[in-house]
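What follows is the residue order along each chain.
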Amino acid sequence: MRLYRHATAFLFLLLSLVPLYGAPESTGEDLEIRLFVIGPGDPVYSYWGHTGLAIKDNSRDSDIFFDFGNFYFEDDDFFKNFAIGRLLYMAYAAYTESYIRSVVRENRDLTEYVLNLPPQKKKEMYNALIEKSRPENRTYLYHHYFDNCSTRIRDYIDNATDGALKEQSEKEPGSTYRDSFLRFTSRNKLIGSSLSLLQGTPIDRKINVWEEMFLPEVMGQYVSTFSYRNSSGETVPLVSEINVLNKAEGRRIIPSEYKKPILPALLLGLFLFSAILFLNIKVSGKRRRLYGVLNIALALLIGLIGSVLLFLAGFTDHSYSYDNLNLFMINPVALFAIPAAILYIRKGEPWRKRLDMLWLIQSVSAMIMIAIKILTPVRQDNLIEILVFLPVLIALSPIVPVLLRRLNLLRELPDTSVQ
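Named according to an unreviewed UniProt entry, the chain is DUF4105 domain-containing protein originating from Spirochaeta isovalerica.

Draft legend 1. Inspection of a nonpolar patch on the surface at higher detail. A surface patch of nonpolar side chains, about 370 Å² in accessible area, is lined by Leu263, Leu266, Leu267 and Leu270. With respect to the secondary-structure elements, Leu266 resides in helix H11 (residues 262-281).

Draft legend 2. Inspection of the environment of Pro202 at higher detail. Position of Pro202 among the secondary structure elements: in the loop between helix H8 (189-197) and strand E8 (206-208). Overall, Pro202 belongs to the partly exposed group, its relative accessible area being 31%. Along the backbone, Pro202 and Tyr322 are 120 residues apart, and their C-alpha atoms lie at a distance of 7.0 Å. For Pro202, the contacting residues outside a window of four places in its chain are Tyr177, Ser319, Tyr320 and Tyr322.

Draft legend 3. Expanded view of the side chain of His143. As for its position among the elements, His143 is in the loop between strand E6 (139-141) and helix H5 (149-160). For His143, a relative accessible area of 13% corresponds to the buried category. Within the structure, His143 has its side chain in polar contact with the backbone nitrogen of Phe146 (distance 3.1 Å). Sequence-distant contacts of His143, that is, excluding residues within four places in its chain, are made with Asn148, Ser319 and Tyr320.

Draft legend 4. Layout of the UniProt feature "transmembrane region" (unreviewed entry) in the chain. The UniProt record marks residues 262-281, 293-315, 327-345, 357-376 and 382-404 with the feature "transmembrane region" (unreviewed entry), using the residue numbering of this structure. What you have in residues 262-281 is 100% helix and 0% strand, and the ends, taken at the C-alpha atoms, are 28 Å apart. Its end C-alpha atoms 28 Å apart, residues 357-376 is made of 95% helix and 0% strand.

Draft legend 5. View of a positive patch on the surface. Together, Arg187, Lys189, Arg252 and Lys259 line one region of the surface with positive charge. With respect to the helices and strands, Lys189 occurs in helix H8. On the basis of relative accessibility, which here comes to 32%, the residue Lys189 falls in the partly exposed class.

Draft legend 6. Looking closely at the pattern of salt bridges. Evaluated as defined, the whole model comprises 14 salt bridges. Between Arg34 and Glu112 there is a salt bridge, with the nearest N and O atoms lying 3.0 Å from each other. Remark: Glu112 occurs in strand E5 (residues 110-115) and Arg34 occurs in strand E1 (residues 31-38); sequence separation between them is 78 residues. For Asp155, the salt bridge identified is with Arg154, shortest N-O distance 3.1 Å. The exposure class of Arg154 is buried, given its relative accessible area of 7%.

Cut-offs and rules
Residues numbered from 1 in each chain as written. Predicted model: local features only at pLDDT ≥ 70, side-chain atom pairs only at ≥ 80, totals over all residues. Heavy atoms only, no water. Patch = residues over 30% accessible without salt bridge, like charges linked within 9 Å, V, L, I, M, F, W, Y side chains within 5 Å. Areas by Shrake-Rupley, 256 points an atom, 1.4 Å probe, with all protein chains shown as cover. Salt bridge = Lys/Arg side-chain N within 4 Å of Asp/Glu carboxyl O. Helix = DSSP H or I, 4+ residues; strand = E, 2+ residues; numbered from the N terminus. Buried < 20%, exposed > 50% of the residue type's maximum accessible area, 1.4 Å probe, protein only. Contact = heavy atoms within 4.5 Å. Polar contact = N/O pair within 3.5 Å; in protein donor to acceptor, adjacent residues only side chain to side chain. UniProt positions renumbered as here; feature names shortened; annotations may be inferred. Lys, Arg positive; Asp, Glu negative; His and termini not counted. Charge placed at Lys NZ, Arg CZ, Asp CG, Glu CD.

Here you go:
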């Protein structure tokens, strides 16, 4: 297996170097630079699309594609680096025609934007990309929002316009990182909601279009209408031509805005609340065992998710997972309910009170989170998590049974206990 990994790595390196060495010095006059914007693919990591720059030297009959969205699964430390938020990505250079064929095989959209740049800027960009793609320079520390395949290409284009792209796009209001991120998971809202749960308040601030260009599609849309002042003082469009090189078949169109799955989350929360509350109130005999097992399962689920949230927020470089308010509601404290539930099944009522107290603490903690959202400037768009998890915590706690007893309503419920 290790021999296979090294052979694969060598082949990957060899293929990526083919276009680089022997790449001639160009004056820029015969260079044609195109921005490629690639649509979503099938793997989760490709949901947000891809981008790169294709540079053709007509005098040398060469056409090289440069991009920054490459990682190596077979690296020994890949999963460890991924877990702690120190994922190394690579700049990559390949023959453009080969790359286009791979996009077509993957059934992904591919749009070409021909860039209108002065020869000197083309030459500078070409040389900079070649230098960056060399083995000793190619790696960088990836960040999904701040430093990715799209922001790297954006920065090269901005440099070619002497900072005009950044200056103008920073004045244009965008959405938020969370909403922009979730738009591209609309075909699988379960995956989108799960990934959103892991991310905290840093991705809920309002961003501008410059920042939103972490998404390749947004960058393509913006540059297509962008104009800048060239070295002669003329205002010229950045894009001189737009060509659709491939149109994916059977893929969902990315919506212009993300619609939260509020109704499904609300229905799921109400169903869980009703089922758990019924067992909470009508516990005896076999139902006691069933209720204990249910507590174990829910405590394990909530506790494990909470442990992941705590790990991401406190012990990694995943900065977008910091200050996650979901930790008030979904946290490792739930794991203490597992031994309490086991002892409740075996020994009965005395441990039921301890079990109830643990869920009451969790419910109160969730209420504190909601108070923070209402009474302070702290904002996190976690409505879906609240709709699903808060009803579960309340149904497990003694809050509702106590309230019903005080209102003299509990005794009116039919007694269907199994003795």
